[in-house]
Amino acid sequence: MLDVQRNRGAKHREEIEFTRRLMWGHMIFGAVIIALFLFHELFWWFAGSLVWYAASLAAMYGFMCQRAFCRWLLALVYLAATVAGLFFINRVYPGSTPPRTALLPYGFIPLWMGLANLTYGIGALLVLLNVRIRRAGETGFMLW
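The structure reproduced in this document is the subject of the present report.

Definitions and limits used
- Residues numbered from 1 in each chain as written.
- Predicted model: local features only at pLDDT ≥ 70, side-chain atom pairs only at ≥ 80, totals over all residues.
- Heavy atoms only, no water.
- Buried < 20%, exposed > 50% of the residue type's maximum accessible area, 1.4 Å probe, protein only.
- Helix = DSSP H or I, 4+ residues; strand = E, 2+ residues; numbered from the N terminus.
- Arc of directions from axis to C-beta.
- Contact = heavy atoms within 4.5 Å.
- Core = buried A, V, L, I, M, F, W, Y, C linked by side-chain atoms within 4.5 Å.
- Salt bridge = Lys/Arg side-chain N within 4 Å of Asp/Glu carboxyl O.
- Expected span 1.5 Å × (residues − 1).
- Bend = angle between axes of the 7 residues up to and from the residue.

**Considerations on helix 6 (residues 131-139)**
Listed as buried for helix 6 are Ile133, Ala136, Gly137 and Thr139. Each buried residue of helix 6 lies within a common arc of 165° when the element is viewed along its axis, so the set occupies one face. Positioned one or two residues after helix 6, Gly140 has a phi angle of 85°, which is positive.

Here you go:
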């Protein structure tokens, strides 16, 4: 029985490794985005990004536990990050005033926000359309 559990995903090892790297990348990059909002003293966006990150981790856990709808939910959460970032760049950022004591320069926001929008837009497409990610979700896996 233990041998079966250990080798459960052996036939999809490449797909699982690819998906693990994607999930670890999201966990690290999402935490960096949260920290950047905090360092720029955008506290409401910091709180919103914390809620978004928690929702993405819940969807990610469901996806790793072989729940098919969580793949769609994870892609939707990634897409929500992209839409929120585009809203921020186009509506919020131009009308806001930079804080006097921010840890990072205020002009740095469009650079990292644009990179985050592009990354999570591509991530949403990958989660939805990539066959390797779908197979890994059907097999089930852990991050380590």
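So that's the structure; there's more coming.
**Quick notes on the side chain of Glu15**
When you line up the elements, Glu15 lands in helix 2 (residues 13-39). The residues contacting Glu15, other than those within four sequence positions of it, are Arg132, Arg135 and Ala136.

**Concerning the nonpolar core**
Counting 36 residues, the largest nonpolar core has Met23, Leu74, Ile109, Trp112 and Phe141 as the members making the most contacts within it. Elements supplying a minimum of two residues to this core: helix 2, helix 3 (43-64), helix 4 (68-95), helix 5 (109-129) and helix 6. At nine residues, the largest contribution of residues to this core is made by helix 2. Ignoring any residue separated from it by four or fewer positions in sequence, one finds Leu74 in contact with Met23, Ser56, Ala59, Met60 and Val127.

**So, the pattern of salt bridges**
With the rule as written, the count across this model stands at four salt bridges. A salt bridge links Glu15 to Arg135, with the nearest nitrogen and oxygen atoms 3.1 Å apart. Of this pair, Glu15 sits in helix 2 while Arg135 sits in helix 6; the two residues are 120 residues apart in sequence, bridging distant segments of the chain. On the basis of relative accessibility, which here comes to 32%, the residue Arg135 falls in the partly exposed class.

**Observations concerning the environment of Phe37**
If you trace the backbone, Phe37 turns up in helix 2. With a relative accessible area of 5%, Phe37 lands in the buried category. Along the primary structure Phe37 and Ser49 are separated by twelve residues, whereas in three dimensions their C-alpha atoms are 8.2 Å apart. Ignoring anything within four residues of it in the chain, the contact list for Phe37 reads Leu42, Trp45, Phe46, Ser49, Trp112 and Met113.

**As for helix 4**
For an α-helix, the turn length of 3.6 residues means that residues three or four places apart are oriented alike. Taking 1.5 Å of rise per residue, 28 residues should cover 40 Å, and helix 4 covers 41 Å from first to last C-alpha, within 8% of that figure. Bending of helix 4 peaks at approximately 40° at the position of Phe88. Turning to helix 4, its buried residues number three or more, namely Cys70, Arg71, Leu74, Ala75, Val77, Tyr78, Ala81, Thr82, Gly85, Phe88 and Tyr93. Here the buried face of helix 4 lies against helix 2, helix 3, helix 5 and helix 6.

Interpretation in functional terms is not warranted from these geometric data alone.
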